[in-house]
Structures are given as structure tokens and as C-alpha cells.
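# Secondary and tertiary structure notes
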Amino acid sequence: MSAHELIVGGQRSGKSRRAERLALAWPGRVVVIATALALDAEMRERIAHHRASRPAGFETLEAPLALSAALQQVDDAGTLVLVDCLTLWLVNWLMPMSGAPDAAGWQAERTALLDLLPRLQSKVVLVSNEVGWGVSPLGREVRDYVDELGRLNQDVARCCGQLTLMVAGQAWTRPVEDASDA
């Protein structure tokens, strides 16, 4: 089973903090792959907060779209890669603040990620939001996004050995079950 871990939870549930604690325990190199784009003042503030609170010694690589290429670039058995986060990565593809969504590009990149994860030598800790627990969004585009993120989380989880659900800063971790017969 894979050494990778997927950490999911709601906004401000402690996902990134949990991922960083796991990375601090890693004996080798740690690379954070950040997917956020600083396109407005509020997001610039969030990114600055994440950077400032990130432990010293963590390298950062920004990959708002080309996540697979970034993972390949840093792949090494002695490296732990922390991907923060899949939620914003998907937003960049399907709900960009400027320009049109790139559904074809998204499908190609999604397939590349799912094909690559099992082959990586690095341990990968992926962070993503669990957004489908609330009221169904009114707009079709937002419903499509929520559905796509749910499918992405499920498919990424199948590439991982551990799944952690964060609720109110508390972690529930369990092995990922083989869902091939479900």
C-alpha cells in the first residue's frame, strides 16, 4: 500500500497544520507544493499567513496548474512532498478568476496526477477540502465543481495508504480501503 496520505476537512479545520506536523517528523527534505494564486488582497493575505507560519527549512514550489510536473521535479525517496491544496488547484482549472475554464486541460492534468501518484518515490501528503456536506449550491457551475472535487478526493484517496479527516482541529486517521469491489 502507498505511503501517501490525503488530509480532508472543512475550511479552517486544521488540515494544513496537520500536514505540517507530519512533515516536521520527516527525517529528510520537505517540499511544499502550493497551488494558490494571489489574485486579490484577501488571498494574498492568506498566502502570506501560510508562508509565515510554515516551518523553517521547508522548500516551497508554486504550481497552480502543473501539479504533476512539480511532483516529478522534486520526486526523491528522501523527500516528503506536501501538496496544499487540491481544492484551489481544481479552482484554478475550472473556476479561474480570469479567463475561461479549461475542462480538457483539467482532465489531462487530473489523469496525469492519478497515473503519477502510485509511481512516485517521495511520500506525498495531499490536502483537500471536503465541501459536499452542506446545502447543495444553487448554481450549476458550483454544483459541478463540488461534484468534481468529490470525485477527485475519492480517486486521490485510492492512491494513498492513509486518509485523515480533520474536524475542529482533531484528526481521524484510517487506512484507505480497497474500493475495487464496492
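Residues numbered from 1 in each chain as written. Predicted model: local features only at pLDDT ≥ 70, side-chain atom pairs only at ≥ 80, totals over all residues. Heavy atoms only, no water.

### A word on the sheet that holds strand β4 (residues 79-84)
Reading across the sheet, the seven strands line up as β3-β2-β4-β5-β1-β6-β7 and stay open at both edges, with mixed pairing between neighbours. In the strand order of this sheet, the two ends are held by β3 (59-62) and β7 (170-175), each with one partner. In this sheet, adjacent strand axes meet at a mean angle of 20° when their direction is disregarded. Packing against the sheet, helix α3 (residues 67-74) makes contact with β2 (29-34), β3, β4 and β5 (123-129), and its axis sits at approximately 165° to β2. (Pairing = 2+ DSSP bridges. Helix = DSSP H or I, 4+ residues; strand = E, 2+ residues; numbered from the N terminus. Axes fitted to C-alpha atoms, helices over the stretch in contact; angles between N-to-C directions. Contact = heavy atoms within 4.5 Å.)

### Comments concerning the pattern of salt bridges
Within this structure, the stated rule accounts for nine salt bridges. We note a salt bridge from Asp 144 to Arg 140, for which the minimum N-O separation is 2.9 Å. Taken together, the residues Asp 144 and Arg 140, both in helix α6 (residues 140-157) and four residues apart, mark about one turn of the helix. With a shortest N-O distance of 3.0 Å, Glu 148 and Arg 151 are connected by a salt bridge. (Salt bridge = Lys/Arg side-chain N within 4 Å of Asp/Glu carboxyl O.)

### Side note on the nonpolar core
Ile 33, Leu 71, Val 83, Leu 86, Leu 126 and Val 156 are the most contacted members of the largest nonpolar core, which has 33 residues in total. Counting only elements with at least two residues in this core, the list comes to β1 (5-9), β2, α3, β4, α4 (86-94), α5 (103-116), β5 and α6. If you tally residues by element for this core, the top one is α6, at six residues. When neighbours within four sequence positions are excluded, Leu 126 is seen to be in contact with Glu 5, Leu 6, Ile 7, Val 83, Leu 86, Leu 117, Val 156 and Cys 160. Ranked by size, the runner-up nonpolar core spans twelve residues in total, among them Ala 19, Val 30, Val 32 and Leu 80. (Core = buried A, V, L, I, M, F, W, Y, C linked by side-chain atoms within 4.5 Å. Buried < 20%, exposed > 50% of the residue type's maximum accessible area, 1.4 Å probe, protein only.)

### Section: the packing of α3 against α5
One way to put it is that α3 packs onto α5 with a least axis distance of 8 Å and a crossing angle of 30°. Considering the angle they form, α3 stands roughly parallel to α5. Packed against α3, whose contacting residues are Leu 67, Ser 68, Leu 71 and Gln 72, the element α5 presents Glu 109, Ala 112, Leu 113 and Leu 116 at the interface. In terms of residue class, the contact of α3 with α5 is built from five nonpolar, two polar and one charged. (Parallel < 35°, antiparallel > 145°, perpendicular 65-115°, else oblique. Nonpolar A, V, L, I, M, F, W, Y, C, P; charged D, E, K, R; others polar.)

### Section: the pairing of β1
A large share of β1 lies buried, amounting to five of its five residues. The side-chain alternation of β1 yields two buried faces, one formed by Glu 5, Ile 7 and Gly 9 and the other by Leu 6 and Val 8. One ladder, built from five bridges, connects β1 with β5; its direction is parallel. Following the sheet pairing, Val 8 is matched in β5 by Ser 128. Alignment of β1 against strand β6 (residues 162-167), held across five bridges, turns out to be parallel. Paired with Ile 7 across the two strands is Thr 164, which belongs to β6.

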